[in-house]
Every structure is written in structure tokens, then in C-alpha cells.
Amino acid sequence: MSIATETVRFFSKEWAQAARAAVDDGPDEAEQATKLHTYWEWIDRARTGYSYSWAIGVRDLPAELGGPSYLYLNWQDGRCVQGDVISLEEAVKADYVLLGDFATWRGLLAGERDPQRLVMYRQLRLQEGSNTLLFFRGVYFFVESIGAIGRIPAHF
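Residues numbered from 1 in each chain as written. Predicted model: local features only at pLDDT ≥ 70, side-chain atom pairs only at ≥ 80, totals over all residues. Heavy atoms only, no water.

**Focus: the sheet that holds strand E5 (residues 96–100)**
- Ordered by their spatial adjacency, five strands build an open sheet running E4-E3-E2-E5-E6, and the pairing between neighbours is mixed. The two strands at the open ends of the sheet, each matched to only one other strand, are strand E4 (79–86) and strand E6 (124–129). On average, each strand axis in the sheet is inclined to that of its neighbour by 20°, with strand direction left out of account.
- Where strand E3 (residues 69–76) lies against E4, seven bridges are found, and the strand directions are antiparallel. By the bridge assignment for E4, Tyr-70 is matched with Ile-86.
- Running over the sheet, helix H5 (residues 102–109) touches strand E2 (53–58) and E5 and is turned about 105° from E2.
- This element, helix H8 (residues 139–150), spans E2, E3, E5 and E6 of the sheet and lies at about 50° to E2. (Pairing = 2+ DSSP bridges. Helix = DSSP H or I, 4+ residues; strand = E, 2+ residues; numbered from the N terminus. Axes fitted to C-alpha atoms, helices over the stretch in contact; angles between N-to-C directions. Contact = heavy atoms within 4.5 Å.)

Below, the structure written as C-alpha cells:
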């Protein structure tokens, strides 16, 4: 797994690239050991052939960090091939648009927020989706991707 070891600025191009690499690499052995092997098999099946894009935003990102922005992750055949920071205008082109507030993101990156609970308690909320049933059928794949993003060392 190639999660960034160097701290990068939150919602910078470098952070988006680290996020792309983290979700593409998937969990390391230590992370895999925290859940049943069959869970990871399910994640692998959900990921196989996955070809959708996500725009995951921060509605109240401070102006010094770029203002409201989205992390754009583009998946092609189960691989995350693109990671960028995009604007609201660009976000609407993604297959799935999700949004959270700055406190939610800070908590995730500080290890204080569980990715599953962020989705379950609607702290990271699906705003738009081309096929919401399909998205929620693979929600744990998304949750594990958010968990990988949460392990990237970032500063604000």
C-alpha cells in the first residue's frame, strides 16, 4: 500500500493524488486483519469492473484551503485512475456527489470518526447519484475507500 507518509495540505492536488493512490491500493495487511476475510472478498467483488466517478465535497472548506471543493475520484474497471480537486460546477458531472462539512473531514483525518458511521449517520451524505440503488449496494466499498482517505497524513 502506498499511502502517503509525508503530510500534505488537505484538499490540495498532492492530497487528491494521495487519496487516489490510497483508494486504488486498497487496505494493507494490518487493516485487512481487522475484519473477516469474507468481508474483503465482498469488497473485491464490488470493486471488480467498477466504473463510476465520485465527487466528495466539503461544503464549508475555509477560504485559505480553497473554499467549498470536491475530491474527484474516477474509477475505471475497478481501478481509481484519477484524483483531483474540483469545483461545485465540475462536481455535478460525477456519477455520485457526496457532501460533508469541514468538522466531519477533520474528524476523519484525525482518526476520530469511523467511516461507516459517517455514512450511516449522514455526516457524509449522498447528494446526487446516477443510480442510488447501485451505489448503496456497494456502500461498504465506498466506506473502505473513505477509510483509506482518512489515513492520509494531512495538515490544514
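Now that the structure is up, let's keep going.
**Focus: helix H3 (residues 37–47)**
- Among the residues of H3, Tyr-39, Trp-40, Ile-43 and Arg-47 are the ones counted as buried. Relative to the axis of H3, the buried residues are bounded by an arc of 95° and lie together on one face. Of the residues in H3, the exposed ones pointing more than 90 degrees away from the buried face are His-37, Thr-38 and Arg-45.
- Where H3 ends, the next residue or the one after it, Gly-49, has phi of about 75°, a positive value. (Buried < 20%, exposed > 50% of the residue type's maximum accessible area, 1.4 Å probe, protein only. Arc of directions from axis to C-beta.)

**A closer look at the pattern of salt bridges**
- Under the criterion given, the structure shown has six salt bridges.
- Its salt-bridge partner being Arg-79, residue Asp-24 comes within 2.5 Å of it at the nearest N-O pair. Taken together, the residues span a long stretch of sequence, with Asp-24 in helix H1 (residues 13–25) and Arg-79 in strand E4 at a distance of 55 residues.
- Judged by relative accessible area, which is 7%, Asp-24 ranks as buried.
- One salt bridge connects Glu-31 with Arg-151, and the closest N-O pair in it is separated by 3.8 Å. One end of the pair, Glu-31, is in helix H2 (residues 29–32); the other, Arg-151, is in the loop between H8 and strand E7 (154–155), and 120 residues separate them in sequence. (Salt bridge = Lys/Arg side-chain N within 4 Å of Asp/Glu carboxyl O.)

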